[in-house]
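Residue-level structure breakdown
Residue strings, one per chain:
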Amino acid sequence: MADKITMSSNGKLNVPNHPIIPFIQGDGIGPDIWSASVRVFDAAIAKAYHGEKKIEWKEVVAGERAFKETGSWMPEETMQAFKDYLISIKGPLTTPVGGGIRSLNVALRQELDLYVCLRPVKYFEGVPSPMWHPEKVNMVIFRENTEDIYAGIEFMTGTPEASKMLDFLVNEMGVKNIRFPETSSFGVKPVSKEGTVRLVRSAIKHAIEHKLPSVTIVHKGNIMKFTEGAFKNWAYELAETEFADKVYTWNQWEKTKAESGEAVANEEMKVAGIGGRIIIKDAIADNFLQQALLAPQDYSVIATLNLNGDYISDALAAQVGGIGIAPGANINYNTGHAVFEATHGTAPRFANTNTMNPSSVILSGVMMLEYMGWKDAAEMITNAVGKAIRNKRVTIDFHKLMENATLLKTSEFADEIIKNL
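Residues numbered from 1 in each chain as written. Predicted model: local features only at pLDDT ≥ 70, side-chain atom pairs only at ≥ 80, totals over all residues. Heavy atoms only, no water.

Below, the discussion takes up the layout of surface pockets. Of the volumes computed, that of the second largest pocket is approximately 350 Å³. Going through the elements one at a time, helix H4 (104-111), strand E6 (116-122), helix H11 (306-319) and strand E15 (338-342) are the ones with two or more residues in the lining of the second largest pocket. When residues in the lining of the second largest pocket are grouped by element, the largest group, 3 residues, is from H4. Here the residues of the lining of the second largest pocket sort into 7 nonpolar, 7 polar and 7 charged. (1 Å grid on protein atoms, 1.4 Å probe; cavity = no way out; pocket = protein on both sides within 12 Å on 5 of 7 lines; lining within 4 Å. Points joined across faces, edges and corners; volume = space filled by probe spheres on them. Helix = DSSP H or I, 4+ residues; strand = E, 2+ residues; numbered from the N terminus. Nonpolar A, V, L, I, M, F, W, Y, C, P; charged D, E, K, R; others polar.)

What follows is the structure, encoded as structure tokens:
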């Protein structure tokens, strides 16, 4: 009997053998890649659990299709389904231009308080990449999802609100460095201690659970001292208080260096990285983007703010072959709510052509299965995708960059993965 996934009082998900999971096919290429992906999910689950487990898929609508059918970009029934069933998965959605809802993805994140945008970045052997050694890139990005400039607090120049903001800043706050005040628009960047702490806590717990060597706090605190600088300081404070016996921080390294010398500090850092304690370090965002190209092997878990995370996740995805195969999830670890999604756009000119790569949705589904605790099925799909790519049996995005590859349609790529399970 199909039933809802629920969250127990001890913070653990209760996942029945036949969970009901809402899905949105998505706009543009969404239906093509969803129909391929769902066949892969069902086949892997059936094979891994010998028919004992099965997802009951519940279709809901949002985006362009929803607007055409209901007049709403995000019908209340869809939002309610995402709330009621905790876990859901979606294809790419059109964001309306020129008014209405700012972004359907941002709306979901705000409404469900999905404070972690989780973006794992890992290389599949054989994927065309601009890097000499893409296999060195293996990171998980924890991007804060509800604050920073994505809070959407903006005022357009020429509006009464912008004039009021200008008057407040100049006359009440004494701000003197607005270069062109009469033509300036304004945005507000909220960064809270609570928002920082819950994001960084999730990142550190992930590193502990998966036995990863480090968590890097990426920020621009050298310039934005009271927002991004505070993010860094609150992150260290959390690590040193809540995870004192499990981490070794750069702050501790600096203290040891001052008291016992650099050689001792370096030895402690080395032992921490090898011996189990997780190293907590930080990097200025621009320098991190450089180091991610020069020494990606030095980073494993990244904890960062919303805008930085947006840039970083796409840049790292490019290093391992592009956003077309990049999975993503938006999670609230406290309530259990999670939305897994394709990270690319709708590509409307390729709609209904059965040509696009479904791997972003497929690998997001792998993340969903892992989150549900169905790790055997998740691993089976990951290995099968990897085998298809190594065998050069791929969709057009990879085919045009590979030598001696076999071109497959979207549905045929799904067939190939299912054959490899």
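More follows now that the structure is in view.
Here helix H5 (residues 160-172) is 13 residues long and its end C-alpha atoms lie 17 Å apart, about the 18 Å a rise of 1.5 Å per residue gives. All buried positions along H5 are accounted for by Ala162, Met165 and Leu166. The buried side chains of H5 occupy one side of the element, clustering within an arc of 100 degrees when seen end-on. Residues of H5 that are exposed and point over 90 degrees away from its buried face: Pro160, Lys164, Asn171 and Glu172. (Expected span 1.5 Å × (residues − 1). Buried < 20%, exposed > 50% of the residue type's maximum accessible area, 1.4 Å probe, protein only. Arc of directions from axis to C-beta.)

This part takes up empty space enclosed by the protein. In the structure shown here, the tally under the stated rule is 1 cavity of 30 Å³ or more. Taken as a whole, the largest cavity encloses approximately 40 Å³ of empty space. Looking at the largest cavity, the residues that line it are Glu144, Glu147, Val191, Ser192, Gly195, Thr196, Phe231, Leu305 and Asn306. For the lining of the largest cavity, the class distribution of residues is 3 nonpolar, 4 polar and 2 charged.

Taken as a whole and assessed by the stated rule, the structure comprises 18 salt bridges. Taking the shortest distance from any N to any O, the salt bridge between Lys189 and Glu228 comes out at 2.9 Å. Linking Lys189 in the loop between strand E9 (186-188) and helix H6 (193-209) with Glu228 in helix H7 (residues 228-242), this pair joins segments that are 39 residues apart in sequence. If you follow the salt bridges from partner to partner, you end up with Glu59, Arg65 and Glu69 in one network. (Salt bridge = Lys/Arg side-chain N within 4 Å of Asp/Glu carboxyl O.)

Glancing now at the environment of Ser9. Structurally, Ser9 is set in the loop between strand E1 (6-7) and strand E2 (13-14). The spatial distance from the C-alpha of Ser9 to the C-alpha of Thr335 is 10.0 Å, given a sequence separation of 326 residues.

With that settled, consider helix H15 (residues 410-420). Burial in H15 covers these residues: Thr410, Phe413, Ala414, Glu416, Ile417 and Asn420. For H15, the buried positions fall inside an angular range of 155 degrees around the axis, keeping them on one side. Where H15 is buried, its residues contact helix H1 (30-49), helix H12 (359-372), helix H13 (375-390) and strand E16 (393-394). (Contact = heavy atoms within 4.5 Å.)

In a beta sheet, neighbouring strands pair by backbone hydrogen bonds and run either parallel or antiparallel. In space, the 11 strands of this open sheet follow the order E4-E3-E5-E15-E14-E6-E7-E13-E10-E12-E11, with mixed pairing throughout. Two strands bound the open sheet, and with one partner strand each, they are strand E4 (56-59) and strand E11 (247-249). Strand-to-strand twist in this sheet, taken as the mean axis angle between neighbours without regard to direction, amounts to 25 degrees. Summarising the sheet, strand E5 (residues 87-90) and E15 pair through 4 bridges and their orientation is parallel. From the neighbouring strand, Ser88 faces E15, where its bridge partner is Val339. In the packing of H11 onto the sheet, the strands contacted are E6, strand E7 (138-144), strand E10 (214-219) and strand E13 (301-304), and the crossing angle to E7 comes to about 155 degrees. (Pairing = 2+ DSSP bridges. Axes fitted to C-alpha atoms, helices over the stretch in contact; angles between N-to-C directions.)

This next bit is on the side chain of Lys90. Relative to the helices and strands, Lys90 resides in strand E5. The class of Lys90 is buried, set by a relative accessible area of 1%. Here Glu341 takes part through its side chain, which lies 3.0 Å from a polar atom of the side chain of Lys90. (Polar contact = N/O pair within 3.5 Å; in protein donor to acceptor, adjacent residues only side chain to side chain.)

For the coordinates displayed, the defined rule picks out 10 aromatic pairs. Seen in terms of ring centroids, Phe23 and Trp34 are 4.7 Å apart; in terms of plane orientation they differ by 10 degrees. Their pairing is stacked. Highlighted residues: Phe23 in strand E3 (residues 20-24) and Trp34 in helix H1, separated in sequence by 11 residues. Of the two residues examined, Phe23 and Trp34, each falls in the buried class. Taking the centre distance of 4.6 Å and the plane angle of 15 degrees together, the rings of Phe67 and Trp73 count as stacked. With a relative accessible area of 38%, Phe67 lands in the partly exposed category. An aromatic cluster is built from Phe23, Trp34, Phe41 and Trp57, whose rings are joined through pairwise contacts. Here the basic side chain of Lys4 rests over the ring of Tyr85, its NZ or CZ set 5.2 Å away from the ring centre. In this arrangement the basic side chain of Arg143 is found over the ring face of Tyr150, its NZ or CZ atom lying 4.9 Å from the centre. (Phe/Tyr/Trp six-rings, centres within 6.5 Å; stacked < 30°, edge-to-face > 60°. Lys NZ or Arg CZ within 6 Å of the ring centre and 35° of its normal.)

The element E6 is largely enclosed, with a buried count of 5 among its 7 residues. Pairing between E6 and E7: 7 bridges, direction antiparallel. Across the sheet, the residue bridging to Pro120 is Val140, located in E7. Judged from the 3 bridges that link them, E6 and strand E14 (residues 327-331) form a sheet pairing that is antiparallel. Following the sheet pairing, Leu118 is matched in E14 by Ala329.

Of note in this structure, Ala347 is not a glycine but carries a positive phi near 40 degrees. For Ala347, the location among the structural elements is in the loop between E15 and H12. A relative accessible area of 27% means that Ala347 is categorised as partly exposed. The backbone of Asn352 sits at a positive phi, close to 60 degrees, despite the residue not being glycine. Along the chain, Asn352 turns up in the loop between E15 and H12. A relative accessible area of 66% places Asn352 in the exposed class.

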